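Each chain, written out:
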Amino acid sequence: MSLKLRYATKDDAALIADISRQSFFETFAADNTKADMDKFMNEQFTKGRLMLEVNDQNNIFLLAYHHDEVAGYVKLRESKPPHKLQTRNSMEIARLYAMQNFIGKGVGKLLMQASIDIGNQKSKEVVWLGVWEKNPRAIQFYTQWGFQIFDETHFVLGDDVQKDWLMCKYL
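For the structure given in this document, a descriptive report is provided here.

## Section: the overall build of the protein chain
Working step 1: Of the regular secondary structure elements, the protein chain holds five helices and seven strands.
Working step 2: Its helices and strands in sequence order give the protein chain the pattern β-α-α-α-β-β-β-α-β-α-β-β, from N to C terminus.
Working step 3: In terms of overall dimensions, the protein chain is globule-like: its C-alpha atoms have a radius of gyration of 15 Å, near the 16 Å expected for 171 residues.
Working step 4: Considering only C-alpha atoms, the protein chain reaches an extent of 40 × 40 × 30 Å along its principal axes.
Working step 5: A total of 171 residues make up the protein chain; the buried ones form 46% of that total.
Working step 6: Of the accessible surface of the protein chain, which amounts to about 9300 Å², a share of 48% is contributed by carbon and sulfur atoms.
Working step 7: Charge centroids of the protein chain, computed over 22 positive and 22 negative side chains, lie 4 Å from each other.

Structure representation (structure tokens):
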């Protein structure tokens, strides 16, 4: 499959917000209540909030395309790392999603390699991410890339407090 990557610009803010919401919903709706998903999508994961992320200078968004169709995206973030990584020069892979019809077709691999390459270009010691403990497909994917669990945190989806594992990979 022929895939291409490009850096997102502020002109992509609405597109990124839409695909963020779509991919999150498709990934997690089946494993959560409608009430929790609705609350999260309508209060925390709004289109307006997501559009603002694109203009934040601490965020990098990459879009993956198959011809003219968006196949996935990644959001990289330079922010304060988790406590156990505070002495490390790190970068977070805040979101990495393949659109539903592109899962298993190399989109995640392309986005992950680009994320690691950017981490290396920025002389980062480690890249890290959070993943829901009940998302075995993602955990397996990250483990195959050499990520290891180093801590855990809570993620609130609606009214449900969930456990996320924090995983990192040393570069």
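## Remarks on the nonpolar core
In globular proteins that are soluble, nonpolar side chains generally tend to be buried together.
Working step 1: If you look at the biggest cluster of nonpolar residues, it comprises 48 residues, and the most contacted ones within it are F24, L63, I93, M112, L129, Y142 and F147.
Working step 2: If we skip the residues at most four places from it in the chain, F147 touches I93, M112, V127, W128, L129, Y142, M167, C168 and K169.
Working step 3: Membership of the second largest hydrophobic core comes to six residues, among which are L85, W128, L166 and C168.

## Describing the sheet that holds strand β7 (residues 160-170)
Working step 1: Strand order in the open sheet formed by seven strands is β1-β2-β3-β4-β5-β7-β6, and the pairing between neighbours is mixed. Lying at the two open borders of the sheet, with one neighbouring strand each, are β1 (4-7) and β6 (148-157). Direction aside, neighbouring strands of the sheet carry axes that sit 30° apart on average.

## Describing the packing of aromatic side chains
Working step 1: Counted under the stated rule, the structure contains eleven aromatic pairs.
Working step 2: When the ring of F40 is compared with that of F45, the centres are 5.2 Å apart and the planes differ by 25°; the resulting orientation is stacked. By the burial criterion, F40 is buried, and F45 matches it.
Working step 3: In textbook terms, an aromatic cluster arises when at least three aromatic residues are bridged by ring pairs, as seen for F24, F28, F40, F45, W132 and F155.

## Digging into the pairing of β6
Working step 1: Where β6 lies against β7, nine bridges are found, and the strand directions are antiparallel. By the bridge assignment for β7, V156 is matched with V161.
Working step 2: Linkage of β6 to β7, two consecutive antiparallel strands, is achieved through a turn of two residues, within which G158 is found at a positive phi near 70°.

## Describing unusual backbone geometry
For residues besides glycine, phi is generally negative; the peptide bonds are generally trans as well.
Working step 1: With phi around 55°, H67 is a residue other than glycine that occupies positive phi space.
Working step 2: Tracing the backbone through its elements, the reader meets H67 in the loop between β2 (59-66) and β3 (69-77).
Working step 3: In this structure, S123 takes a positive phi of about 55° despite not being glycine.
Working step 4: Within the secondary structure, S123 is located in the loop between α4 (107-121) and β5 (126-132).
Working step 5: For S123, a relative accessible area of 53% puts it in the exposed group.

## Things to note about the pairing of β3
Working step 1: Within β3, seven of the nine residues are buried, which leaves the element mostly enclosed by the surrounding structure.
Working step 2: Strand direction decides the pairing type here: β2 and β3, joined by eight bridges, are antiparallel. Bridge pairing in β3 places H66 opposite E69.
Working step 3: What sits between β2 and β3 in their antiparallel hairpin is a turn of two residues, with H67 showing a positive phi close to 55°.
Working step 4: Bridge analysis of β3 against strand β4 (residues 90-98) gives six bridges, and the strand direction is antiparallel. Bridged to V74 within β4 is L96.

Calculation notes
- Residues numbered from 1 in each chain as written.
- Predicted model: local features only at pLDDT ≥ 70, side-chain atom pairs only at ≥ 80, totals over all residues.
- Heavy atoms only, no water.
- Helix = DSSP H or I, 4+ residues; strand = E, 2+ residues; numbered from the N terminus.
- Rg over C-alpha atoms; globule rule 2.2 N^0.38 Å.
- Buried < 20%, exposed > 50% of the residue type's maximum accessible area, 1.4 Å probe, protein only.
- Areas by Shrake-Rupley, 256 points an atom, 1.4 Å probe, with all protein chains shown as cover.
- Lys, Arg positive; Asp, Glu negative; His and termini not counted.
- Charge placed at Lys NZ, Arg CZ, Asp CG, Glu CD.
- Core = buried A, V, L, I, M, F, W, Y, C linked by side-chain atoms within 4.5 Å.
- Contact = heavy atoms within 4.5 Å.
- Pairing = 2+ DSSP bridges.
- Axes fitted to C-alpha atoms, helices over the stretch in contact; angles between N-to-C directions.
- Phe/Tyr/Trp six-rings, centres within 6.5 Å; stacked < 30°, edge-to-face > 60°.

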